[in-house]
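# Tertiary structure, described
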Amino acid sequence: MGIADQFKDKAQELADQAKQKAGQGKEEAEDRASQARDQKSDSSPGMKERAQDAADQARERFDR
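Residues numbered from 1 in each chain as written. Predicted model: local features only at pLDDT ≥ 70, side-chain atom pairs only at ≥ 80, totals over all residues. Heavy atoms only, no water.

Moving on, we come to the overall build of the chain. Along its length, the chain carries two helices and zero strands. Looking at the chain as a whole, 0% of its 64 residues qualify as buried. Roughly 6200 Å² of accessible area belongs to the chain as shown, and the carbon and sulfur atoms make up 50% of that amount. (Helix = DSSP H or I, 4+ residues; strand = E, 2+ residues; numbered from the N terminus. Buried < 20%, exposed > 50% of the residue type's maximum accessible area, 1.4 Å probe, protein only. Areas by Shrake-Rupley, 256 points an atom, 1.4 Å probe, with all protein chains shown as cover.)

So, in structure tokens, the structure goes:
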């Protein structure tokens with residue numbers, strides 16, 4: 001087995017690992033999105049207004 005073959009094997013191994021991690025990351029992101037949707041539906045109506053107020057205040061601070 002030559003050096004070129006070793007590099008190809010290692011590159012393939014790293015590509016496979018990257019694909020596995022990308023798949024895991026996608027699953028975790030979907031889980032977080034689902035949890036966020038659940039929490040949003042459970043939150044009180046005033047939470048949206050509070051979030052908007054906080055965003056407005058942050059914009060005012062950074063606009064200075």
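Turning our attention to the pattern of salt bridges. Inspection of every chain in the model, using the stated rule, returns two salt bridges. As a salt-bridge pair, Glu13 and Lys10 come within 3.8 Å of each other at their nearest N and O atoms. Of this pair, Glu13 and Lys10 both sit in helix α1 (residues 3-42), separated by three residues, roughly a single helical turn. Taking the shortest distance from any N to any O, the salt bridge between Arg59 and Asp56 comes out at 2.8 Å. Taken as a pair, Arg59 and Asp56 lie in helix α2 (residues 46-63) at a separation of three residues, close to a single helical turn. With a relative accessible area of 29%, Asp56 lands in the partly exposed category. (Salt bridge = Lys/Arg side-chain N within 4 Å of Asp/Glu carboxyl O.)

Here we take up a negative patch on the surface. Together, Glu27, Glu28, Glu30 and Asp31 line one region of the surface with negative charge. Structurally, Glu27 is set in helix α1. (Patch = residues over 30% accessible without salt bridge, like charges linked within 9 Å, V, L, I, M, F, W, Y side chains within 5 Å. Lys, Arg positive; Asp, Glu negative; His and termini not counted. Charge placed at Lys NZ, Arg CZ, Asp CG, Glu CD.)

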